[in-house]
Each structure stands twice: as C-alpha cells, then as structure tokens.
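Per-entry structural report
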Amino acid sequence: MSSDLEKFIKALLSDDEADRLYAVDDIASTGDPSAAKTLAERLESEKSQAVSDAIVFALKKLDCKETLDLLFGMFSSPNAFLRNAAVTIFGANGEGTLDFLMERYASSNKEIRKLILDSLMEIGTPKAAQAIRWGLLDEAENVKITAAEYLGRLCDKESIGDILQILEIDPEPMMRVSIMEALVSFEDKTVYDQVTYVVCPDGDLKKTDPIYIPQLIKLAVRSGRIDDVKKIFKSIENVGLYADDILNAVVELRRREKVDIADLEAGYILKKICEMNELRPDIINLAKRLVNTRKEPETPGES
C-alpha cells in the first residue's frame, strides 16, 4: 500500500465530513488495486449520506473484481441503501460480474435471487438478459415476476416462448398480469392470439377475468390489432372501470396507427364516458375532446 493511500485512508476515518468526502475522491484516483475494497469496507459503516453517495459513485467507476464478495454480502444487509448500492455497483461493473452472480444464484434465498436479477437488469446486455431467463424457472413467484418484467423491458424476444409458457402453466392472476405486461413491450402481433387462448375461456372476451382487460387492451394496441381493440371495447360492460385504459388506447392508436375514432367504432363508448360524472374530470374532459375534435389530445394526467 502506498504512503499516499495510507494518508487518504486516515482522512477517510476523520470525524469531519468534508475530509471524508475529499478522501473518497483521493482514494479512487490513486489507481491502487485495493482502493475499491477500502471504499466498500467504509461504505458499510459510513453514517453520512453525502459520503456514502460519493463512495457508491466512485465504486461504480472502479474495477471491483477483487471486492465482489464484500459487495455480495451487502445483499444480506438490513440496510436498504447498502442493498441497492450493491446492485448498482454490480451493474456498473458490467458483464465481468455475470459469472460471479450466477454461480451464487441457486444457493441464495429468494430475496437475494431477486437482487441478483436487479443487478443483471442494471448490466442490461444481451448476455445479462440470457441470465435473467433463469429467473423464469424460479420457484418464488416474486422472482419469476421480476424476471418476466425485466425481459420485457430489455425486449429480449428470444424469451417470448418461455414467458408464454409460464402464462399457460401458472394460473396465479398477478403472475399472469405481470407476464402480460411484459409481453406488451415486445409489440409482437402473434403474442395477442396466444395470450387470449390462455386467458379468454372459449375465446369469449366476456368470460375473461376482468383483471386481464387492461393488459389485453395494451397488447392489442401495441401490436396494431385494431379489430381486436374494437372487440375488446364491445365486450366491456363496466365502462367506467376501464375508462383510463380505453382513452389511453384511443389516443395511442391515433398516434401510432393514425386511426380515426370512426375507424375504431369507439364513439359510443367515449360518449358513455362523457356521461359518467363519477369519473375524474380529466378523464371526462379528454373523452369529450376525443368525441368533438380530431386534434391530438394529451393522455390522462398530462397537463
């Protein structure tokens, strides 16, 4: 260890926050192989949020390959900041941490397996997505849900078949909702038919569990299935319950597909929303604008 590093480490133990902040930068700039370990060890005991943030920022730029075990140990910390810090540092270190994380996946508890997936998502490369697919086979529902969500966000189209298989074999409603939400991201026209085969008994939209309707609308919209959007609209009996979803679908189709209200045959359902005084004013006002003008409106909640 160099004399300069020894001096900076001493400053890192100072009672003065400013001294510790300067010390973090000084230690990170030494290029010493032990710098990352020194900072990671301090992170676990540091009380200042500003200094902790500075340490995390520095570790995201340093090569932490000699500190991975220490960072992995933070996944078990009761301190949420340390857990999240470890996730971001693993992510910043990129694919070099993939083998390390996956070697520990099977032997970890479900909370840590979830954090491993979080780290893989931070890495965000095709190889990381391939590793995330292991989460689809996990016995813990929250881990499977997380894996499906992340694969959707990474648009990992190679995982579509695996995700659809889970939709078919796992009947838990929240699992299916999460799977469908992930599938929305792929904008794949063939996915809609496979989803409705699973969640629509006998192909009858009116027999579909109401919890799946918002995701079905999104799937149909994102894949440009205009005729199917019409069918969903016509099947909805409780219009007020899905008013947000309906309006967002109409607005998005006008933007994406340049579809007119008449083409969607949505005038009747928009008029129903206009007459529902119990709905939020912004929803009613948007419905009225959609009925009365061709001008591109904002989505609900936008100013």
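Refer to the structure presented above.
This write-up is about the structure you can find in this document. (Residues numbered from 1 in each chain as written. Predicted model: local features only at pLDDT ≥ 70, side-chain atom pairs only at ≥ 80, totals over all residues. Heavy atoms only, no water.)

1. Observations concerning the overall build of the protein
Summing up its helical and strand segments, the protein has 19 helices and zero strands in all. By its C-alpha atoms, the protein is 80 × 40 × 30 Å across when sized along the principal axes. In the protein, which comprises 303 residues, the share counted as buried stands at 49%. In the protein, the share of contacts with a sequence separation of at least 24, taken over all contacts with a separation of at least 6, comes to 62%. For the protein, the computed accessible surface area is about 15300 Å², with 48% contributed by carbon and sulfur atoms. Considering the protein, the positive charge centre built from 40 side chains and the negative charge centre built from 55 side chains are found 6 Å apart. (Helix = DSSP H or I, 4+ residues; strand = E, 2+ residues; numbered from the N terminus. Buried < 20%, exposed > 50% of the residue type's maximum accessible area, 1.4 Å probe, protein only. Contact = heavy atoms within 4.5 Å. Areas by Shrake-Rupley, 256 points an atom, 1.4 Å probe, with all protein chains shown as cover. Lys, Arg positive; Asp, Glu negative; His and termini not counted. Charge placed at Lys NZ, Arg CZ, Asp CG, Glu CD.)

2. A word on the packing of aromatic side chains
Tallying each qualifying case throughout the model produces four aromatic pairs. Here Phe 72 and Phe 100 contribute two aromatic rings whose centre-to-centre distance is 5.9 Å and whose plane-to-plane angle is 80°, an arrangement assigned as edge-to-face. Separated by 28 residues along the polypeptide, Phe 72 in helix α5 (residues 68–73) and Phe 100 in helix α7 (residues 98–105) bring together distant segments of the chain. An identical accessibility class is assigned to Phe 72 and Phe 100; each is buried. Aromatic ring contacts, followed pair by pair, group Phe 72, Phe 75, Phe 90 and Phe 100 into a single cluster. In this arrangement the basic side chain of Arg 104 is found over the ring face of Phe 100, its NZ or CZ atom lying 3.6 Å from the centre. (Phe/Tyr/Trp six-rings, centres within 6.5 Å; stacked < 30°, edge-to-face > 60°. Lys NZ or Arg CZ within 6 Å of the ring centre and 35° of its normal.)

3. Digging into the environment of Ala 23
With respect to the secondary-structure elements, Ala 23 resides in helix α2 (residues 17–28). Judged by relative accessible area, Ala 23 falls into the buried class, the value being 1%. Spatially, the C-alpha atom of Ala 23 lies 5.3 Å from that of Leu 12, the residues being eleven residues apart in sequence. Among residues more than four places away in sequence, those in contact with Ala 23 are Phe 8, Ala 11 and Leu 12.

4. Let's talk about the nonpolar core
Leu 59, Phe 75, Leu 120, Leu 183, Val 195 and Leu 216 are the most contacted members of the largest nonpolar core, which has 106 residues in total. The contacts of Phe 75, once residues within four sequence positions are left out, are Arg 83, Ala 86, Val 87, Phe 90, Leu 101, Ile 112, Leu 115, Ile 116 and Ser 119. (Core = buried A, V, L, I, M, F, W, Y, C linked by side-chain atoms within 4.5 Å.)

5. Here we look at the packing of helix α12 (residues 173–184) against helix α13 (residues 189–199)
The geometry of α12 relative to α13 is characterised by a closest axis approach of 11 Å and an angle of 170° between their N-to-C directions. It follows that α12 is roughly antiparallel to α13 by the angle criterion. Touching Arg 176, Met 180 and Leu 183 of α12 are Val 191, Val 195, Val 198 and Val 199, all from α13. For the contact of α12 with α13, the per-class residue count stands at six nonpolar, no polar and one charged. (Axes fitted to C-alpha atoms, helices over the stretch in contact; angles between N-to-C directions. Parallel < 35°, antiparallel > 145°, perpendicular 65-115°, else oblique. Nonpolar A, V, L, I, M, F, W, Y, C, P; charged D, E, K, R; others polar.)

6. Section: a negative patch on the surface
A contiguous patch of negative charge, built from Asp 15, Asp 16, Glu 17 and Asp 19, is present on the exposed surface. Relative to the helices and strands, Glu 17 resides in helix α2. (Patch = residues over 30% accessible without salt bridge, like charges linked within 9 Å, V, L, I, M, F, W, Y side chains within 5 Å. Salt bridge = Lys/Arg side-chain N within 4 Å of Asp/Glu carboxyl O.)

7. Some thoughts on the packing of α2 against helix α4 (residues 49–61)
It is at 9 Å that the axes of α2 and α4 come closest, and there the two elements cross at 5°. For the element pair α2 / α4, the angle class is roughly parallel. Residue-level contacts link Glu 17, Arg 20, Leu 21, Val 24 and Ala 28 of α2 to Ala 50, Val 51, Ala 54, Ile 55 and Ala 58 of α4. The class makeup of the residues in the contact of α2 with α4 is eight nonpolar, no polar and two charged.

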